[in-house]
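Structural features, examined
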Amino acid sequence: MTIHSEEKIVDVHVRSGVYSSDTIFDYSHGYIATRLFSRNACFIMKIKKEIIPDLQEIGRLAFERETMRDVYSPNNVWALFQAGNSRLGHLKDWILYGKHIENLCTGLPLYELVATEAPTNGDGCASAGIPSILGLKICEELVANEY
């Protein structure tokens, strides 16, 4: 994890086989973007102060995690996306999301994430975010087909 205080960016790279991801917290634009390598897609969510710690808090939590070395229970943010409801980014998206997210997500399908409560069964959810500090659990919203 790298914190760029002057740019208000947190950059996280998780390398764990099929569970690998890159996540950018862009506080100046107000968005989080996660590239899940297993899905070859980008997931974008607006930063909500009620559920996402601010930049200074992320830095403090990272410092505490590093110095204490205790078993640490991260906060988890659960988010839903709808499969088949993606789009490719255009200029207006990149102006909204910023250059860092554009660099992460260009050429990939973009899915909008919506924060939700933890599901009763989160087995099918992908994990991203900041390990041991702030987990981002990305789940597919199942929509019943009407025939």
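These lines cover the structure that appears in this document, whether it is placed above or below. Computed from a prediction, not measured in an experiment: that's the story for all the values here.

This part takes up the overall build of the protein. Summing up its helical and strand segments, the protein has 3 helices and 11 strands in all. For the protein, the sequential pattern of α-helices and β-strands runs β-β-β-β-β-α-β-β-α-α-β-β-β-β. Relative to its 147 residues, the protein shows a buried fraction of 39%. In the protein, the proportion of contacts linking residues at least 24 apart, taken out of those at least 6 apart, comes to 59%. Accessible area of the protein: about 8900 Å², with a carbon and sulfur share of 51%.

With that settled, consider the state of the cysteines. Considering all chains together, one arrives at 2 disulfides under this definition. The residue that forms a disulfide with Cys-42 is Cys-105, at a sulfur-sulfur distance of 2.0 Å. Judged by the torsion about the S-S bond (-75°), the Cys-42/Cys-105 disulfide is left-handed. Taken together, the residues Cys-42 in strand β5 (residues 41-46) and Cys-105 in helix α3 (residues 99-105) connect sequence positions 63 residues apart. Considered together, Cys-42 and Cys-105 belong to a single accessibility category, that of buried residues. What pairs with Cys-125 in a disulfide is Cys-139, and their sulfur atoms sit 2.0 Å apart. The S-S bond linking Cys-125 to Cys-139 shows a torsion near 110°; that makes this disulfide right-handed. One end of the pair, Cys-125, is in the loop between β9 (114-116) and β10 (126-130); the other, Cys-139, is in strand β11 (residues 134-140), and 14 residues separate them in sequence. What makes Cys-139 buried here is its relative accessible area of 5%.

Note on placement: Leu-110 falls in strand β8 (residues 109-112). Judged by relative accessible area, which is 1%, Leu-110 ranks as buried. A C-alpha to C-alpha distance of 6.3 Å links Leu-110 and Ala-41, two positions 69 residues apart in sequence. Beyond its immediate chain neighbours, meaning those up to four positions away, Leu-110 contacts Cys-42, Ile-44, Asn-85, Ser-86, Arg-87, Leu-88, Gly-89, Trp-94, Tyr-97 and Cys-105.

Moving on, we get to the pattern of salt bridges. Scanning all chains against the criterion turns up 3 salt bridges. Across the pair Lys-99 and Glu-102 runs a salt bridge, and its minimum N-O distance is 3.5 Å. With Lys-99 and Glu-102 both in helix α3, this residue pair falls 3 residues apart, about one helical turn. We classify Lys-99 as exposed; its relative accessible area is 53%.

With that settled, the discussion passes to unusual backbone geometry. Here Lys-8, not a glycine, exhibits a phi torsion of approximately 60°, which is positive. Tracing the chain through its elements places Lys-8 in the loop between β1 (2-4) and β2 (9-14). The phi torsion at Asn-40 lies on the positive side, around 50°, for a residue other than glycine. Relative to the helices and strands, Asn-40 is located in the loop between β4 (31-36) and β5. Asn-40 sits in the partly exposed class, given a relative accessible area of 46%.

What counts as what
Residues numbered from 1 in each chain as written. Predicted model: local features only at pLDDT ≥ 70, side-chain atom pairs only at ≥ 80, totals over all residues. Heavy atoms only, no water. Helix = DSSP H or I, 4+ residues; strand = E, 2+ residues; numbered from the N terminus. Buried < 20%, exposed > 50% of the residue type's maximum accessible area, 1.4 Å probe, protein only. Contact = heavy atoms within 4.5 Å. Areas by Shrake-Rupley, 256 points an atom, 1.4 Å probe, with all protein chains shown as cover. Disulfide = S-S within 2.5 Å. Salt bridge = Lys/Arg side-chain N within 4 Å of Asp/Glu carboxyl O.

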